[in-house]
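Here is what each chain is made of, one letter per residue.
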Amino acid sequence: MIREVVGQQLDHDPNFRWRGESVTRIENLSDIAFAVALGMIVSGVDAPSTFPELIRFLIFIIPAAACFAVQIWTAHYTFFRRYGVADRTIIVLNAVLIFLILYMAYPLRFVFDSLFAWIIGASTGDVSRYVEIGVMSFETSGEILAIFGAIYAAVYVNLALMYRYIRTKHETLDLNAYESSQTDRDHIYYWLAAILCVVVSLVAWLTPLNGFAGFFLSFNGLIAAFLNKRYPLPVET
């Protein structure tokens, strides 16, 4: 029931027929993995034992809330609702995706924790968080971002492969023109997003921009806007 209500807010496109009418075991397992990943992110700091530590925990939990991969969960959810495919190929790809989600939890937390520490240090001069997490140079921040970007690229590649497989099931799923166009657009988007993550990783690793290269990830929005204009969806009548 909750999933249905949430789904209406996440993907309420009336032109795309949902074929996944019931929640499969593979989705339940995936939801558990997402929950575990969230727990790993939130528990990335030690439990506070004093009031000052509690205040610090409440402040530094902000990065954990900011970095949880809602976009990936949404992409996963809408994929299974739209297509309802859970054959051997999708099971294997989904298993890889689960592994990547769990694998990227701590790097994801570290990237946003480092960014938050930089914001605090730049605005207040307090660099204690830098010392605490061991990020004492821009070079280190670049290495952290490069690792994170590589894992994120792998996630996007995995999603792209899932959509690529769906394209081979066009006739079986009886996709109409609108649904086929939306599937093609999403397929291209994930490939371009993966390429962007690779570029960001290389820029972070090899150039003086280091961790600041992470701001280029915001170009994901430009990719989506470009695809919306380049590949307009047919109007259903």
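What comes next is a walk through the structure. (Residues numbered from 1 in each chain as written. Predicted model: local features only at pLDDT ≥ 70, side-chain atom pairs only at ≥ 80, totals over all residues. Heavy atoms only, no water.)

### Thoughts on the pattern of salt bridges
Side chains that differ in sign of charge can pair as their charged atoms come close.
Okay, so step 1: By the definition in use, this model includes four salt bridges.
Okay, so step 2: With a shortest N-O distance of 2.7 Å, Arg82 and Asp186 are connected by a salt bridge. Taken together, the positions of Arg82 in helix α4 (residues 70-83) and Asp186 in helix α9 (residues 177-206) put the pair 104 residues apart, joining distant regions of the chain.
Okay, so step 3: In this structure, the salt-bridge partner of Arg167 is Asp184, at a minimum N-O distance of 2.9 Å. Note that Arg167 is positioned in helix α7 (residues 138-167) and Asp184 in helix α9, a separation of 17 residues in sequence.
Okay, so step 4: Taking the relative accessible area as the measure of exposure, Asp184 reaches 29% and is therefore partly exposed. (Salt bridge = Lys/Arg side-chain N within 4 Å of Asp/Glu carboxyl O. Helix = DSSP H or I, 4+ residues; strand = E, 2+ residues; numbered from the N terminus. Buried < 20%, exposed > 50% of the residue type's maximum accessible area, 1.4 Å probe, protein only.)

### Focus on unusual backbone geometry
Most peptide bonds are trans, and most residues other than glycine sit at a negative phi.
Okay, so step 1: With phi around 55°, Asp174 is a residue other than glycine that occupies positive phi space.
Okay, so step 2: With respect to the helices, strands and loops of the structure, Asp174 is situated in the loop between α8 (170-173) and α9.

### Looking at the side chain of Gln182
Okay, so step 1: For Gln182, the position within the fold is in helix α9.
Okay, so step 2: Since its relative accessible area comes to 9%, Gln182 is described here as buried.
Okay, so step 3: Apart from the residues lying within four places of it in its own chain, the contact partners of Gln182 are Asp13, Phe16, Arg82 and Leu233. (Contact = heavy atoms within 4.5 Å.)

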